[in-house]
Amino acid sequence: MKQFYNLITQKFYYLFTSIIIFLMIMGLFVANPQYHHFGAGMILHICLVAVLSICLLLYPKHETHLFRIVIILICAAYFYTLFFLYSETWSTFIFLCFIPAISILFFDSKLFYFSLVLNSILIFLLFGFFSLNKQTSFYTYIKMDLLGNLMNFIASQVMLFFIFYLASARIKKQQMYYEQIQQTERLKTTGQLAAAVAHEIRNPLTVVKGFLQLFEKDASLSEGFKKNFSLMIDEINTAEHVISQFLTIAKPDKDKRMETVDVAVVLQSVTDLLKSYGLLHDNHIELKVVEDCLIAVNVIELKQLVINLIKNAIEASKVGDTVHVKTEKVKNEVEIQITDDGNGMSEEVIKSLGTPFYSLKSKGTGLGLMICYNIVEKYNGTIQFISSIDKGTTVVVRFPYHHI
Ligand code: ADP
Ligand code: MG
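What you see is a predicted model; the values in this text were computed from it and never measured. (Residues numbered from 1 in each chain as written. Chains lettered and ligands numbered in written order. Predicted model: local features only at pLDDT ≥ 70, side-chain atom pairs only at ≥ 80, totals over all residues. Heavy atoms only, no water.)

Q: An account of the site of ligand 1 is needed here, citing residue identities and associated values.
A: Taken together, 20 residues surround ligand 1, and among them Asn312, Ser359, Leu360, Lys361 and Thr365 come closest. Residue Lys361 places a side-chain N or O atom 2.7 Å away from an oxygen atom belonging to ligand 1. Between ligand 1 and Thr393, the relevant distance is 3.4 Å, taken from a nitrogen atom to a side-chain nitrogen or oxygen of the residue. Alone, ligand 1 offers 530 Å² of accessible surface; in the complex the protein occludes 93% of this. The set of elements that each furnish at least two residues to the shell around ligand 1 consists of helix H12 (299–316) and helix H14 (368–378). Here the shell around ligand 1 gets four residues from one element, more than from any other, and that element is H12. (Near = heavy atom within 4 Å. Polar contact = N/O pair within 3.5 Å; in protein donor to acceptor, adjacent residues only side chain to side chain. Areas by Shrake-Rupley, 256 points an atom, 1.4 Å probe, with all protein chains shown as cover. Helix = DSSP H or I, 4+ residues; strand = E, 2+ residues; numbered from the N terminus.)

Q: Break down the pattern of salt bridges for me, with residues and values.
A: Following the criterion strictly, the structure yields nine salt bridges and no others. In this structure, the salt-bridge partner of Asp272 is Lys275, at a minimum N-O distance of 3.9 Å. Remark: Lys275 and Asp272 occur in helix H11 (residues 263–279); sequence separation between them is three residues, near one turn of the helix. With relative accessibility at 44%, the residue Asp272 sits in the partly exposed group. In this structure, the salt-bridge partner of Lys378 is Glu301, at a minimum N-O distance of 2.9 Å. (Salt bridge = Lys/Arg side-chain N within 4 Å of Asp/Glu carboxyl O. Buried < 20%, exposed > 50% of the residue type's maximum accessible area, 1.4 Å probe, protein only.)

Q: Describe the domain arrangement of the protein chain, naming the residues involved and giving the relevant values.
A: One frequently used descriptor of interface size is the decrease in accessible area upon assembly of the parts. Looking at the protein chain, the domain boundaries give domain 1 (2–144), domain 2 (180–250) and domain 3 (259–400). Summarising the inter-unit geometry, the C-alpha centres of domain 2 and domain 3 are found 26 Å apart. (Domains from an automatic or database assignment.)

Q: Residue-level account of the UniProt feature "transmembrane region" (unreviewed entry) in the protein chain, with values.
A: Here the UniProt-annotated "transmembrane region" (unreviewed entry) positions come out as residues 12–31, 37–59, 66–84, 90–107, 112–130 and 150–167. Between the C-alpha atoms that bound residues 12–31 there is a distance of 29 Å. The span itself is 90% helix and 0% strand. Helix makes up 83% of residues 37–59 and strand 0%. Its end C-alpha atoms lie 34 Å apart. (UniProt positions renumbered as here; feature names shortened; annotations may be inferred.)

Q: Go over the state of the cysteines, please, and point to the residues and values.
A: Taken as a whole and assessed by the stated rule, the structure comprises zero disulfides. Take Cys55: it sits in no disulfide, and the sulfur closest to it among the cysteines is that of Cys75, at 8.7 Å. The thiol of Cys97 is not disulfide-bonded; the next cysteine sulfur, from Cys75, is found 15 Å away. Assessed through its relative accessible area of 7%, Cys97 is described here as buried. (Disulfide = S-S within 2.5 Å.)

Q: Go over the pairing of strand E4 (residues 322–330) with me, naming the residues and quoting the values.
A: Here six bridges tie strand E2 (residues 284–289) to E4, and the two strands are oriented parallel to one another. In the strand pairing of E4, Leu287 is matched with Val325. Across seven bridges, the pairing between E4 and strand E5 (residues 333–340) is antiparallel. Considered in E5, the bridge of His324 is made with Thr339. Hairpin connection from E4 to E5: two residues lie between these consecutive antiparallel strands, with Lys331 at a positive phi of about 55 degrees. (Pairing = 2+ DSSP bridges.)

Right, dumping it as structure tokens:
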């Protein structure tokens, strides 16, 4: 419904719903053939109008998938009731064709396919029933050309499918575009921030560290006292590490030469380097590469990207698990995949990745992925996280293939 609200405001929703409710009530009382012999049919009609109206009015406060299913089922019940109660009114058949269209308003693809299948089954049953009972005098407008009506129904469902498919593809594209813009904005701000802050902090830190190192070597101080200095130096080293990570983002591009790089070679050297890091927790790295995976990047930055991703994969893995690293050429792109069977991430976490300082680790900096996003974007690549909680994560990075 979030997308729905982006398109039409809440006010418009209530206006639209009021019109629908008004029309449903009009249908109940204006020129209704059932109105004069008030029976079970009329009561059912009134009940369905009431229930459907309440559901539509309550929907903005309960935007759940289950509630959407309930609304679709009540709509279907309402339209089929109209169809059976008013057998002389041929236009009720149009409503039957349009039942899946209601889920288009909710932009819920599962619901759309559910209503499409449900409606098709019901219509086929209905037409099957008509073809077996030709002698009754009702629904002559359908029975006169059963096959033609069935074809029209199928055509209407195909049309709805196309409308839904194109609309949802467009919305997804817009959403992706919006997220990309947000990410770029974030990186731009952090880059500027990094340049300003990092330089200011690094210099005083170096001075303090220098003095601490001097004190550490001072023979007149006791060993117990000196221990504190090494603790302080360790903490300063951590701070320097964060700052240097920041600086990699802020550094001017001219320092970084672009060259044609074979991803397979880079992955080989990076995995060799990280093997010992993985062995700390008995994690192994399995590398699968094919040749001719050429891209145009700065080799140091590519290494930095892959190191960050493999380190995250190792850190997420359970003791003894293996991290799989793979590269191959897919169409006009070179794809790098890093897969772990670790703790995985929720949709919410994935959305926050790349935000400065976003880390769920006690000793994490939350800068690694921000650097990765920056590098990937710089070389016109894409990065995608496919993850499920407790099952693991696959990071897919794609760069344009470089022809030489
Ligand atoms: P850091 O590693 O310092 O925490 P990152 O930017 O590299 O910072 O990662 C941010 C967060 O994303 C991590 O704290 C972790 O929660 C999550 N994350 C990244 N990669 C994975 C992965 N492969 N599996 C599970 N969680 C991950
Ligand atoms: Mg990391």
